[in-house]
Amino acid sequence: MIELENLVKNYTKGTVVTEVLKGVSFRVEKGEFVAIMGASGSGKTTLMNILGGLDKPTGGTYRLDGVDMARAGEDELSQIRNRKIGFVFQQFYLLDRADAMKNVMLPLIYADGDGGGTARAEAALAAVGLAARKHHHPAELSGGEQQRVAIARALVTDPLILLADEPTGNLDSRNGLEVLALFQRLHREGRTLVMITHDHAVAEHARRLIVLKDGRIVEDRPVDQPRDAETELRVTQDASGAGPS
Amino acid sequence: MQQAVDSLLSNRLRSFLMMLGLVVGIASLTAVICIGQGTRAQVMEMVAKQGWDLIMIRAGAAKQVFAPTTDRTVASLMEADAQAIEAGLGNIRYISSVQNQRGWEVVYGDQSVKTRIFGVGPDWHLIRRRPVERGEFLAQADLVNMNRVAILGFRTAKMLFGAANPVGQTIRIGSEPFQVKGVFVEAGITPGGDDWDDRIVIPFTTSSKRLFGRLYLEQIVVQVRDPRKLPQTAEQIRKLLRERHQIRAGAEDDFFVREPEDVKQTALATSSTLTTLLIAISAISMLVGGVVIMNLMLISVSQRVHEIGLRLTVGARPRDILGQFLFEALGVALIGGLLGAAGGVGIASLLAWKGVAVSQITWIPFAISIAACGLVAVAFGLYPARKASRLDPVVALREKRM
């Protein structure tokens, strides 16, 4: 589904050329849950941007679902981002003045409307467990709920892959675990997820770990014993003495 | 589209400020148009009522014209002059030769009056706006055949016939029998002291050959097609007659071309000062309004940089963003324009009520304000909208929020 071959990305500022990605190759198959890990400056954000079709590689090839992304035009990239990729960001990026439903429906505005947008948005909200809060505005939702609305927004177009950039970075550990539990459930349901993080504990919820350092892959292996977010949630609940919710 | 509406509604203060300049601009523009139209309508009405489309050419030099003579005897104006004016100039709707003499004795049965006889052409009643109440006015055939037919003034008819219908009866003017063809509508006495109701009108060929025994005219009256070009037409007549009368350069005219009072020009001039002022206000306000729109949109673009980045990320094409922001600008501008138009109508009505100006309300200012506001919105909204549409989503999302 995702094929990277010897991907290179340079940034040029004046006469100074900075190599950010120095030949990155890997494949992601349908149904995988991959964590891409690296410290800041490792090139993981650049890689995420390229994977998301927001940036173009300087060299090498990137194929998404068979399409050579380096050769795609602007409009084609917009369409690919709209249909094939679901984005989840660290800062959620919800529109404050729109309720959960409207936020979830945002990508559908730019899709070739086949109708049924409301039903799809409701289904997406139900999938993240927020069916009851569809008319709440972001300010009325907790951080974890906001991120789940954002995940519903990513799911609403039924994309090939879900691209998450530090999805738990703005959340406390409990809300973070809830988001991770949701990701694991989506993975079990057959979705393809690529999650970028600098946090080892977060990365261990995925099934495969790719470690990036100075623009190169230094590690690409299955996660031996993936953590289970649901179990961890139960543990924290028990530890804090809170009853089951 | 929906995006733009939501955005406008959720930021009412910004939308209001964006509108303000346009509201003022369109209000003055609308006031100008209403007053302009009102003035125009008033002029047209005055043209109809007071003969502002009338040029009178009188025989004799200017200073003689107002001399208190009974019947002027200056033999300078001829029927051929009237024909030359009609043939030679474009802005002539009707033209009529006019002869007149006072003091004719008119008899019907045992009734007798002394009155003034006018010899005129078949369009004279249209030029001087003297409708006939009973019967009808002179026809071309009456002129050609020098028919002995007469149209009576309202009071003349009353004095001769009392309540009876004069049409078809025969009266005697001097020693000549005339058949009464019509009676004029009662006119009253004009501000100039002319008694329109005490006179008799006959074909000027008849007056010339059968009654007065002379060819020269007292007057030629002309109704112009376009009153706005009346001064030029009057000047052309003057030139033409000087040529025909072979008056040398520097010599005095042997005729006098009288244009309608200059009231009209004064009225138009007054309102045109106001118009210029309002147009200036309008232009400045529209410009300011446009600049305000541009600046508030630029602020809005940087405030909503995350939103734009997000939209671009989830599949909006640059032209979708461009469209959204342009549509927002258009929406604000059109609402502002309509509010302005309504305000302008209010201003114009207020000015009319205060008697400063006349005004007429039509759909025209509304159409113009929509067009003008659309233009301003696109002209000043394009730059911010382009700026928004050209954002790099990666950079936009990482931007610190304002």
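Calculation notes
- Residues numbered from 1 in each chain as written.
- Chains lettered and ligands numbered in written order.
- Predicted model: local features only at pLDDT ≥ 70, side-chain atom pairs only at ≥ 80, totals over all residues.
- Helix = DSSP H or I, 4+ residues; strand = E, 2+ residues; numbered from the N terminus.
- Buried ≥ 20, exposed ≤ 12 C-beta atoms within 10 Å, placed from the backbone.
- Contact = placed C-beta atoms within 7 Å.
- Nonpolar A, V, L, I, M, F, W, Y, C, P; charged D, E, K, R; others polar.
- Pairing = 2+ DSSP bridges.
- Expected span 1.5 Å × (residues − 1).
- Axes fitted to C-alpha atoms, helices over the stretch in contact; angles between N-to-C directions.
- Parallel < 35°, antiparallel > 145°, perpendicular 65-115°, else oblique.
- Left-handed = near helix turned anticlockwise from the far one by under 90°.
- pLDDT = per-residue confidence, 0-100.
- Core = buried A, V, L, I, M, F, W, Y, C linked by C-beta atoms within 7 Å.

Visitor: Quick question: what am I supposed to make of the overall build of chain A here?
Guide: In terms of helices and strands, chain A carries eight helices and ten strands. Buried residues in chain A amount to 45% of all 245 residues. Here the analysis covers contacts within chain A between residues at least 6 apart in sequence; of these, 68% occur between residues at least 24 apart.

Visitor: I keep staring at the overall build of chain B and nothing clicks. Help me out?
Guide: When helices and strands are tallied, chain B shows 14 helices and ten strands. Every one of the 402 residues in chain B was classed for burial, and the buried ones make up 41%.

Visitor: Could you clarify how one ought to interpret the interface of chain A and chain B in this entry?
Guide: Where interface size is given, it is often the accessible area lost as the parts come together that is meant. Listed by partner, the interface residues are 18 residues for chain A and 15 residues for chain B. Per-element tally for the side of chain A that touches chain B: the top contributor is helix H2 (residues 74-84) of chain A, with five residues. Here the side of chain A that touches chain B is composed, by residue class, of ten nonpolar, four polar and four charged.

Visitor: Got a minute to help me understand helix H3 (residues 100-109) of chain A in this structure?
Guide: Working note: α-helix, 3.6 residues per turn, so residues spaced by three or four point in the same direction. All names here are of chain A. Of all ten residues in H3, nine are buried; the element is thus mostly enclosed. Residues of H3 that are buried: Ala100, Met101, Lys102, Asn103, Val104, Met105, Leu106, Pro107 and Leu108. At its buried positions, H3 is contacted by H2, helix H4 (117-127) and helix H5 (143-155).

Visitor: What am I meant to see in the pairing of strand E2 (residues 16-28) of chain A here?
Guide: It is a general feature of regular strands that their side chains alternate between the two faces of the sheet. Where strand E1 (residues 2-13) of chain A lies against E2 of chain A, ten bridges are found, and the strand directions are antiparallel. Paired with glutamate 3 of chain A across the bridge in E2 of chain A is arginine 27 of chain A.

Visitor: Explanation requested: helix H12 (residues 318-354) of chain B in the structure shown.
Guide: In this model, H12 of chain B (37 residues) spans 53 Å end to end at C-alpha, consistent with the 54 Å of a helix rising 1.5 Å per residue. Looking one or two residues beyond H12 of chain B, the residue adopting positive phi is glycine 355 of chain B, at roughly 80 degrees.

Visitor: So what exactly am I meant to see when it comes to the packing of helix H4 (residues 79-88) of chain B against helix H9 (residues 230-244) of chain B here?
Guide: For any two helices packed against each other, one specifies the inter-axial angle together with the distance between the axes. All names here are of chain B. Interaxial distance between H4 and H9 falls to 11 Å at its minimum, and their mutual angle equals 130 degrees. One element, H4, and the other, H9, form an angle in the oblique class. The element H4 and its partner H9 pack so that their crossing is right-handed. The residues of H9 that touch H4, namely those facing Asp81, Ala84, Ile85 and Gly88, are Ile237, Leu240, Leu241 and Arg244. The class makeup of the residues in the contact of H4 with H9 is five nonpolar, one polar and two charged.

Visitor: What is the right way to read the environment of asparagine 170 of chain A from this model?
Guide: Residues and elements named next belong to chain A. Inspection of the secondary structure puts asparagine 170 in the loop between strand E7 (161-165) and helix H6 (173-188). Overall, the presence of 16 C-beta atoms within 10 Å leaves asparagine 170 in the partly exposed class. Along the chain, asparagine 170 and glutamine 147 lie 23 residues apart, while their C-alpha atoms are 9.2 Å from each other. Apart from residues lying up to four places away in sequence, asparagine 170 is in contact with Gln90, Gln91 and Gly143.

Visitor: Please clarify how the sheet that holds strand E5 (residues 67-68) of chain A should be interpreted in this entry.
Guide: Sheets are built from strands paired through backbone hydrogen bonds, the pairs being either parallel or antiparallel. All names here are of chain A. As summarised here, the arrangement of the four strands in space is E2-E1-E4-E5, forming an open sheet in which the pairing is antiparallel. With partners counted over all chains shown, the strands left at the sheet margins are E2 and E5, one partner each. As paired elements, strand E4 (residues 59-64) and E5 share two bridges and run antiparallel to each other. Bridge pairing in E5 links arginine 63 to aspartate 68.

Visitor: Even after reading the chapter, I still don't get the confidence of the model for chain B, so can you show me in this structure?
Guide: Parts of the prediction with low pLDDT should not have their coordinates interpreted in detail. Residues and elements named next belong to chain B. Confidence in the prediction of chain B, expressed as mean pLDDT, is 84, and 90% of residues score 70 or more. Mean pLDDT across the secondary structure elements of chain B bottoms out at helix H3 (residues 62-65), with 53, and peaks at strand E5 (residues 149-152), with 95. Counting contacts from residues 68-72, a segment whose pLDDT is below 50, to residues more than four positions away or on other chains yields seven contacts. Prediction confidence for the complex, expressed as pTM and ipTM, is 0.69 and 0.92 respectively.

Visitor: Can you help me understand the environment of glutamate 259 of chain B in this one?
Guide: Tracing the chain through its elements places glutamate 259 of chain B in the loop between strand E10 (255-258) and helix H10 (263-303). You can call glutamate 259 of chain B partly exposed: it has 17 C-beta atoms within 10 Å.

Visitor: Can you help me understand the nonpolar core in this one?
Guide: General note: in soluble globular proteins, nonpolar side chains tend to be found buried as a group. Core analysis: the largest hydrophobic core is formed by 119 residues, its most contacted members being Val104, Ala152 and Leu163 of chain A. With 13 residues, helix H2 (residues 12-50) of chain B is the largest single contributor of residues to this core. Each residue touching valine 104 of chain A, except ones within four places of it in the same chain, is listed here: Ala121, Ala124, Leu125, Val149, Ala152, Arg153 and Val156 of chain A. Counting 47 residues, the second largest nonpolar core, distinct from the first, contains Ile171, Val201, Ile220 and Val221 of chain B.

Visitor: Just to check I follow, could you spell out the sheet that holds strand E8 (residues 192-197) of chain A for this structure?
Guide: Residues and elements named next belong to chain A. If you walk across this open sheet you meet the six strands as E6-E7-E8-E3-E9-E10, and the pairing is mixed. Bordering the open sheet on either side are strand E6 (85-88) and strand E10 (216-222), each of which pairs with just one other strand. This sheet shows a mean twist of 15 degrees between the axes of neighbouring strands, independent of strand direction. The pairing of strand E3 (residues 33-37) with E8 spans five bridges and is classified as parallel. Across the sheet, residue isoleucine 36 finds its bridge partner in E8, namely isoleucine 196.

Visitor: Hey, could you run me through unusual backbone geometry in this one?
Guide: A negative phi angle characterises most non-glycine residues, just as the trans form characterises most peptide bonds. The phi angle at aspartate 214 of chain A is positive, at roughly 50 degrees, despite the residue not being glycine. Looking at the element boundaries, aspartate 214 of chain A is found in the loop between strand E9 (208-213) and E10. In this model, arginine 129 of chain B sits at a positive phi of 50 degrees, which is unusual for a non-glycine residue.

Visitor: Any chance you could explain the environment of tryptophan 124 of chain B here in plain terms?
Guide: Residue and element names in this part refer to chain B. Structurally, the position occupied by tryptophan 124 is in helix H5 (residues 124-127). Assessed through the 24 C-beta atoms surrounding it within 10 Å, tryptophan 124 is described here as buried. Residues within four places of tryptophan 124 in sequence aside, it is in contact with Ser96, Val98 and Val221.

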